[in-house]
Amino acid sequence: MPTETGTSEFDVEIDRTNTSSSKWDKYAGRDVLPFWVADMDFAMPSFIQSAIAERLAHPVLGYTRTPDAAVAAFQNWLKRSFGWDVPEEWLVWIPGVVTGFNLAARAVAEPGGSVLIPTPVYYPFLSTPRHAGQDSIEVPLVSDGDRWTMDFDAMGAACRTGTRLFMLSNPQNPTGRAYTEEELSQLAAFCLRHDLYLCSDEIHASILLAPDARHVPVAALGPEIAERTISLYAATKTYNIPGLGCAVAVIADARLRRDFRRAMAGLVPGIGPLAYAASTAAFADTSDWTTRLTDYLRGNHQRVRDVVGDRMTPVEATYLAWIDLTDLGFANPAARLEDFGIGLSEGADFGGSGYVRFNFACPRSLLDRGLARFQDALARLQGSQGAGASPD
Ligand SMILES: Cc1ncc(COP(=O)(O)O)c(C=O)c1O
């Protein structure tokens, strides 16, 4: 919402020092601007803050069962947003999406089993098979310069007898793809053909930037794929409350749900009352918050594109740009860029050596300072090539 001065609520730079912010404290004492971990430098909407304050007005923050209001808000959100009706019994509430995909891998693991993962991908995917005692099969996504897609031939060839699970990030972190219904139908058919379970992390489902981007829950495509899918959702990205972990696994199949719950036993804590209050308010939100947020992010995306050009493909969803710096010849370009005062995520951690991930969810003034440093760094690093720079 533009203010009277023509600025936006998202233009406000908020000082996050003394909040133990992971994003900012990483570079404490150094002049490095952080554009790495996926939290936004925006204030949460006031209705979320009010919901938390209202719960906090009660002086006992005891162990909390899932509130009926949270269930109803989540079910209505799925229905309103994607036309998907799910019964309450399909829902398993968990404190985080990362927890959810690790549980999924453990729930379906078998001795000698493996997990298929298209890369690059949000880096906690990559250690998930190992945590579940499974092998990891990483298959690169392919880019035509305009968008990244799954390579079904390569994935089919990589599948083994014991391959149990496919891990999907959709919208895709870090490439920013919002897969189309056609691509997801192809994926559903692939999982059925190869007898794979599917774990679909859809945490960025509401952050759609491209005008024609639409989020399709892959499990909503039909009963056959629903029966073998664990879909994961959270409101924490869209409303910038990632420090109040609350997520939902949607699991249609009763046996798969039982195995998922068994994997939780004794390990996964309950969700706290403030987190429930915040996520309930978020799922119940019918204001124009998401529209205002994505409008602003679209503007930021354009600014990043103006500087980065075709080193990145257009971001259809998420607030993350995946930037190709392979021509610089560094295996760890993010580490080099820190010397120029800019803190990005290292592509190698996502399975994309030579790339960086740029989180552009911040006030424009901050973004512009970061982009100026980025541009300067690129010019210097390109200029230093062949002049004694030592690629790592
Ligand atoms: C694709 C994806 N999944 C999961 C998460 C984290 O989810 P949670 O904080 O609920 O574990 C992130 C955070 O950046 C993400 O980008």
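The structure we're discussing is the one just above.
Reference entry: report on the structure contained in this document. The model shown is predicted, which means the values in this text are computed figures rather than measured ones.

### Digging into the pairing of strand 9 (residues 229-233)
- With five of five residues buried, strand 9 lies mostly within the body of the structure.
- By the alternation rule, side chains of strand 9 split into Thr229, Ser231 and Tyr233 and Ile230 and Leu232, which are all buried.
- Note that strand 8 (residues 197-201) and strand 9 share four bridges and pair parallel. Bridged to Asp201 within strand 9 is Leu232.
- Across four bridges, the pairing between strand 9 and strand 10 (residues 247-251) is antiparallel.

### Observations concerning the sheet that holds strand 14 (residues 355-359)
- With antiparallel pairing, three strands are arranged side by side in an open sheet as 11-14-13. Every interior strand has two partners, whereas the edge strands, strand 11 (320-324) and strand 13 (345-346), have only one.
- As paired elements, strand 11 and strand 14 share five bridges and run antiparallel to each other. Directly across from Trp322, in strand 14, lies its bridge partner Arg357.

### Examining the site of the ligand
- Near the ligand, the surroundings consist of Ala38, Gly96, Val97, Val98, Tyr122, Asn173, Asp201, Ile203, His204 and Lys237.
- With respect to the ligand, the backbone of Val98 contributes an N or O atom lying 3.0 Å from an oxygen atom.
- Here an oxygen atom of the ligand sits 2.8 Å away from a polar atom, N or O, in the side chain of Asn173.
- Protein contacts shield 88% of the accessible area of the ligand, which totals 400 Å² for the unbound molecule.
- A per-class count over the shell around the ligand returns five nonpolar, three polar and two charged.

### Some points on the packing of helix 11 (residues 289-308) against helix 13 (residues 364-384)
- Direction vectors running N to C along helix 11 and helix 13 enclose 15°, while the axes themselves pass 10 Å from each other. Comparing the axis directions of helix 11 and helix 13 gives the class roughly parallel. Helix-helix and strand crossings are classified by hand; for helix 11 and helix 13 the assignment is right-handed. In this structure, helix 11 contributes Asp295, Tyr296, Gly299, Asn300, Arg303, Val304, Val307 and Val308 to the contact, and helix 13 contributes Arg364, Leu367, Asp368, Leu371, Phe374 and Gln375.
- Each residue belonging to the contact of helix 11 with helix 13 can be placed in one class, and the counts come to seven nonpolar, three polar and four charged.

### Some remarks on the pairing of strand 3 (residues 114-119)
- Summarising burial for strand 3: six of the six residues are buried, a large majority.
- Neither face of strand 3 is left uncovered, since the one carrying Ser114, Leu116 and Pro118 and the one carrying Val115, Ile117 and Thr119 both have all their residues buried.
- As paired strands, strand 3 and strand 4 (residues 135-140) are joined by six bridges and run parallel to one another. What sits directly across from Val115, in strand 4, is Ser136.
- Sheet topology places strand 3 next to strand 7 (residues 163-169); three bridges connect them, and they run parallel. Note on strand 7: the bridge partner recorded for Ser114 is Thr163.

### Some points on the environment of Pro211
- Within the secondary structure, Pro211 is located in the loop between strand 8 and helix 8 (223-226).
- Given a relative accessible area of 85%, Pro211 falls into the exposed group.
- Residues Pro211 and Met264 lie 53 residues apart in sequence; the distance between their C-alpha atoms is 39 Å.

### What to know about the packing of aromatic side chains
- Considering all chains together, one arrives at 26 aromatic pairs under this definition.
- Ring geometry for Trp77 against Tyr233: centres 5.7 Å apart, planes inclined by 75°, an arrangement best described as edge-to-face. In this pair, Trp77 is assigned in helix 3 (residues 68-82) and Tyr233 in strand 9, connecting sequence segments 156 residues apart. Here Trp77 and Tyr233 have matching classes, each one buried.
- The ring of Trp36 is capped by Lys26, whose NZ or CZ atom sits 4.5 Å from the centre of that ring.
- Seen from the ring of Tyr296, Arg364 lies directly overhead, with NZ or CZ sitting 4.1 Å from the centre.

Each value, and the rule that gives it
Residues numbered from 1 in each chain as written. Predicted model: local features only at pLDDT ≥ 70, side-chain atom pairs only at ≥ 80, totals over all residues. Heavy atoms only, no water. Buried < 20%, exposed > 50% of the residue type's maximum accessible area, 1.4 Å probe, protein only. Helix = DSSP H or I, 4+ residues; strand = E, 2+ residues; numbered from the N terminus. Pairing = 2+ DSSP bridges. Near = heavy atom within 4 Å. Polar contact = N/O pair within 3.5 Å; in protein donor to acceptor, adjacent residues only side chain to side chain. Areas by Shrake-Rupley, 256 points an atom, 1.4 Å probe, with all protein chains shown as cover. Nonpolar A, V, L, I, M, F, W, Y, C, P; charged D, E, K, R; others polar. Axes fitted to C-alpha atoms, helices over the stretch in contact; angles between N-to-C directions. Parallel < 35°, antiparallel > 145°, perpendicular 65-115°, else oblique. Left-handed = near helix turned anticlockwise from the far one by under 90°. Contact = heavy atoms within 4.5 Å. Phe/Tyr/Trp six-rings, centres within 6.5 Å; stacked < 30°, edge-to-face > 60°. Lys NZ or Arg CZ within 6 Å of the ring centre and 35° of its normal.

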